[in-house]
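Letter by letter, the chains look like this.
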Amino acid sequence: MSVKDAKKNKSRDTFKSKSTDFDDYNLDLRLVTFSLYLEGESPGTGECTLLIYFDDELLLGEKWENGHTIDTIILPLNIEEPGIDQEIIADQPLIFLLRGSSGKPSKDQDPFLNIDNRAGGNVDLLPIALGEKEINVKVPLLIISSGVPSGCSVDVHVSYNGSINNDKIPLTLTMIAAHCLPLSRDGTAFVSGIGLDTIHDPISLKFGMSLSASSATKIVWGNASNAGHAADTQINVPSEDMFVPNDLAIDKSENSVYWNAMRRVLVDSTLLQERLNNNFYVEIAGVPKSGKIEVRGRYIALVDTGVLLQPGQSGVTVCAKLMFYSADILPESVGTILDLPPTSARGPAHENEPVTDENGRDAYIVIRMDLIDPIVPKAKITSLFDLIGFPSPGGLKIAEDSLKILSPPEEPPLDKKRICKEGGALSVHKELSNLAYKCTLQMNKSIKRTAANRLLLRVRLMLKQFTPTECSEMDYQDMITSQHSAARRAVTSSFAPQPPKVRPSPGLAAARCRAAGDARISNEHIEKNLKISPNHPRVLLSKVLRCLEQRNESDAYNYLTVALNVHSKNRYLLWTYGGIQFDKGPEAIEVAAAAFRIAVKGDKSDGTTSAIGWAALHALHHYHGNEHPAFVALKKMRKSFALPVEWKRCLKRWIDSSGEEETLWMPGIIDSRNPFLIAAAFFLCLRCFKLTERILHCVEDGCYERGAQNIAKEKPGPGTYYVRAASLLLRLHMDVALEVVEKGIRRFGPCAILSQIRATCLGFAKGWDGKCEKALLEADKDGAEPCPGLLLRAAIGGWKTDIMASLQRAARAHKIAPSAYSALTLGRIYGKLREEKLAERWAAVAVKTEPLLSDGWAFLALLAMYKKDVDKARALFRTAKEAGPVSADIVAEIEKVKKVVKVELLPEIMAKDLCLCDYY
């Protein structure tokens, strides 16, 4: 027996319209009552009657009058205990119909299809089932055919004074549409239903006929869909992302049908959680809209709603592929879902096969499930930190971007009066040392003398406390004299100049050195910063990225763990940690996912940064075949990316914070319309090469558009080839990178970004030659924005053939990314142009910017030799020797000049061991 039949059998003889008809007062308290206030003039001509229906039963029919009040109408339901009545009040609306009197008899017995129905509305009574005592709502009555307001409304007051014992939760199921169906005869509508085995009785839940349209904006009640717009709810037709199984390619066609109808049931949360692990069975069938029932196609779909088992998910829209109906598909626990004639239940010869339309596209349905609260709550961030094995930080548990090294603050100068206080001689000596080093006041002779006298006085007082035992008076005097001398030496040494504190290297110093191909000085900067701040995340991240460039993941992991132990909520560290863990074992996958989830905690208004984090999390789950968490990450990524895209600002924040600047490729020039592409570019900045390639596969697979209702499908552009070629270039796979670029050019034709990366690959694959020159000119012709590393290489490689072009390229490189190397290149070019003053000026800028640049010191020595300043040249040569090895071309030029200018250099063994970098 169905819920509806059971309710009718129970209430047919008990229903009354007034509470006074009930003799039992306690029973009266358990009933739901409502009163109405009518507003507005009836639409159209003639009188109208207000009809009130509930669960297909007519509760009241009364003449419509503006300002009329209807008191205390009772719903004959006992909802105190769990049972059928609670099910009814959750699933059945209170429906109002405004019916005119045309005098024409209705051909249909269904009151919702009466031709005189003019307007209608409804009230959802679910709040009463959830424990609310009252509902006050104003229901506008809409024109049945058009849905526009009729000008009439009903103020409804629903009350319930009893208590409700209910441990079940409401589950809302919405049958939305079916697409790409085979062609059917005119006058065909589709009916549908779903099997709710193990969680609900009865098992079958039907949605009625497909009477909606693609233009509909509101969901209707599934058990009153015949009422037209009178059955409209306040729920909009879902436009959210749809979960699409891997075996389905969705598309929309003209041969689609729409229900947009919802049903609601009360289910046990534990049983539902277990049931969501298996597919639900949905059946649809084509039948005539009127007349004798005739099956015109019967199909079945297996609906995967496992997304609701993901933390924090309370609703999901699911697509499911349709197959031809076969009774063998349905398990015994489900049975028959649609009540169709037995003679029509036989399946066709191709049963169990997928259904396609006339163009061969897969037919599928769209259905939605909603809960009030998630079954699985969101994971607490402390549990995520426990999972990755790092301490949970104090304060706000949100990810941060800052990696800047803060120089230690200068201590306030010591007050010179501190030396007047009583204390031991050793403490006074220490105070004097600090005072001389930190005090901003001039240490004149008077202050020194006062300090010395006070120190001597304290030493004398201290010595008098120890009387001599076995020594002569002369020995005692000698001892006092020696102590006085020691005190004077201590005072003198207290005012000696102290060596300056070691300062960290400028932010972009190491990156600019790598751009010029000087790994030695770059590593010197990193090691120096590591010595100054061994636990600072910025320094450790630089070390991690260098290890990853050398494919040394074990050392990178060790440095990364040190950094995360100190700064566990830094977003860049967490992304890098997840990026090198994502393709390891099962435990590493959970750790990587937890790291990515922590990294997306933070400012929700920064949509670009959040989208990058969610894209990485989707790529991780997509790689391991976890469809449900991959979909959740994809949905959140699209939501974040709907905010204003600030890709270049995101990159600038990364460069300013980390000091890591890309000079062989330019991530800022890629197309920022696809979040997966910018995520791949950013993780390439983090040197997570494998994860970058995985994200590029998501770009090529169309993950961004898959299941989205408001995003147009686009084919991957040249940006995919650009990022992949840049990844290969950074790993020094020049030949493979060139093959990727050439493949992209063949597909998309010459374009700016591919021409630029092609010229870079050629320029760094071997020495500069005519092919490289031609590639750079083609890139300029295509409007490419050249990277400074390529311009610098072109300037050095081309000054023997076209020195003015080299000068221009070096100037462009210095303008884009000023560095000691571009300054030295400009100086050497000016030297070849016989502009000695400009050459010396640019070379001086180079060594001042980078004191370890040995070529700069050697070039300055060469200029001094041209001027025959032997002493200066000898000193500069010695400094160049101490700074590091000198380039072969500069050494060769020096040897030529030495034959003309006699400069006797000191032997290497006598060279003074000094390092000028400590003084810059």
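All figures in this text were calculated on a predicted structure; none of them were measured in a lab.

Draft legend 1. Inspection of helix α27 (residues 820-832) at higher detail. Helix length check: α27 (13 residues) gives 18 Å between terminal C-alpha atoms against 18 Å at 1.5 Å per residue, within 8%. In terms of residue burial, α27 counts as a mostly covered element, since 12 of its 13 residues are buried. Taken together, the buried positions of α27 are Ala-820, Tyr-821, Ser-822, Ala-823, Leu-824, Thr-825, Leu-826, Gly-827, Arg-828, Ile-829, Tyr-830 and Gly-831. Positive phi shows up at Arg-834, right after α27, with a value of about 65°.

Draft legend 2. Seen up close, a positive patch on the surface. Taken together, the side chains of Lys-800, Lys-832, Arg-834, Lys-896 and Lys-899 present a region of like positive charge at the surface. Secondary-structure assignment places Lys-800 in the loop between α25 (788-798) and α26 (803-816). Relative accessible area serves as the criterion here: at 77%, Lys-800 is assigned to the exposed category.

Draft legend 3. Molecular detail of the pattern of salt bridges. Scanning all chains against the criterion turns up 39 salt bridges. Between Glu-294 and Arg-185 there is a salt bridge whose closest N-O contact spans 2.5 Å. Pair noted here: Glu-294 is in the loop between β16 (280-288) and β17 (298-303) and Arg-185 is in the loop between β9 (169-179) and β10 (188-195), with a separation of 109 residues, a long-range link. On the accessibility criterion, Arg-185 (48% relative accessible area) is partly exposed. The partner of Arg-758 in a salt bridge is Glu-778, with the nearest N and O atoms 3.6 Å apart.

Draft legend 4. Fine view of the pairing of strand β12 (residues 218-221). Both β12 and strand β13 (residues 232-236) contribute to a ladder of 2 bridges, which runs antiparallel. What sits directly across from Val-220, in β13, is Asp-232.

Draft legend 5. The arrangement of the pairing of strand β5 (residues 94-99) in detail. Counted residue by residue, β5 has 6 buried out of 6 residues, so it is predominantly covered. Along β5, one buried face is formed by Leu-94, Phe-96 and Leu-98 and the opposite face, lined by Ile-95, Leu-97 and Arg-99, is buried too. Examined bridge by bridge, strand β2 (residues 49-54) and β5 share 6 bridges and lie antiparallel to one another. The partner of Ile-52 across the bridge, within β5, is Phe-96. Summarising the sheet, β5 and strand β6 (residues 117-123) pair through 6 bridges and their orientation is antiparallel. Across the sheet, residue Ile-95 finds its bridge partner in β6, namely Asn-122.

Draft legend 6. Summary view of the packing of aromatic side chains. Tallying each qualifying case throughout the model produces 17 aromatic pairs. Relative to Tyr-577, the ring of Phe-390 lies with its centre 5.4 Å away and its plane at 80°, an arrangement referred to as edge-to-face. With Phe-390 in the loop between α6 (381-388) and α7 (425-438) and Tyr-577 in helix α14 (residues 571-581), the pair connects residues that are 187 residues apart, well separated along the chain. For the pair formed by Phe-390 and Tyr-577, the shared burial category is buried. One aromatic cluster is present, formed by Tyr-572, Trp-575, Phe-596, Trp-647, Trp-654, Phe-682 and Phe-683 through successive ring pairs. The ring of Phe-280 has Arg-275 lying over it, and the distance from NZ or CZ to the ring centre is 4.1 Å. One Lys or Arg, Arg-298, reaches over the ring of Tyr-325 and ends 4.0 Å from the middle of that ring.

Draft legend 7. A look at the packing of α25 against α27. It is at 11 Å that the axes of α25 and α27 come closest, and there the two elements cross at 25°. With respect to each other, α25 and α27 are oriented roughly parallel. Handedness of the α25/α27 crossing: left-handed. Contact residues: α25 offers Leu-792, Ala-795 and Ile-796, while α27 offers Tyr-821, Ser-822 and Thr-825. Class assignment for the residues of the contact of α25 with α27 results in 4 nonpolar, 2 polar and no charged.

Draft legend 8. Geometry of the sheet that holds β5. Reading across the sheet, the 8 strands line up as β3-β2-β5-β6-β7-β8-β1-β4 and stay open at both edges, with antiparallel pairing between neighbours. If you trace the sheet from one side to the other, it starts and ends with β3 (57-63) and β4 (69-75), each paired once. The sheet shows a mean angle of 20° between the axes of neighbouring strands, direction not considered.

Reading the values: the criteria
Residues numbered from 1 in each chain as written. Predicted model: local features only at pLDDT ≥ 70, side-chain atom pairs only at ≥ 80, totals over all residues. Heavy atoms only, no water. Helix = DSSP H or I, 4+ residues; strand = E, 2+ residues; numbered from the N terminus. Expected span 1.5 Å × (residues − 1). Buried < 20%, exposed > 50% of the residue type's maximum accessible area, 1.4 Å probe, protein only. Patch = residues over 30% accessible without salt bridge, like charges linked within 9 Å, V, L, I, M, F, W, Y side chains within 5 Å. Areas by Shrake-Rupley, 256 points an atom, 1.4 Å probe, with all protein chains shown as cover. Salt bridge = Lys/Arg side-chain N within 4 Å of Asp/Glu carboxyl O. Lys, Arg positive; Asp, Glu negative; His and termini not counted. Charge placed at Lys NZ, Arg CZ, Asp CG, Glu CD. Pairing = 2+ DSSP bridges. Phe/Tyr/Trp six-rings, centres within 6.5 Å; stacked < 30°, edge-to-face > 60°. Lys NZ or Arg CZ within 6 Å of the ring centre and 35° of its normal. Axes fitted to C-alpha atoms, helices over the stretch in contact; angles between N-to-C directions. Parallel < 35°, antiparallel > 145°, perpendicular 65-115°, else oblique. Left-handed = near helix turned anticlockwise from the far one by under 90°. Contact = heavy atoms within 4.5 Å. Nonpolar A, V, L, I, M, F, W, Y, C, P; charged D, E, K, R; others polar.

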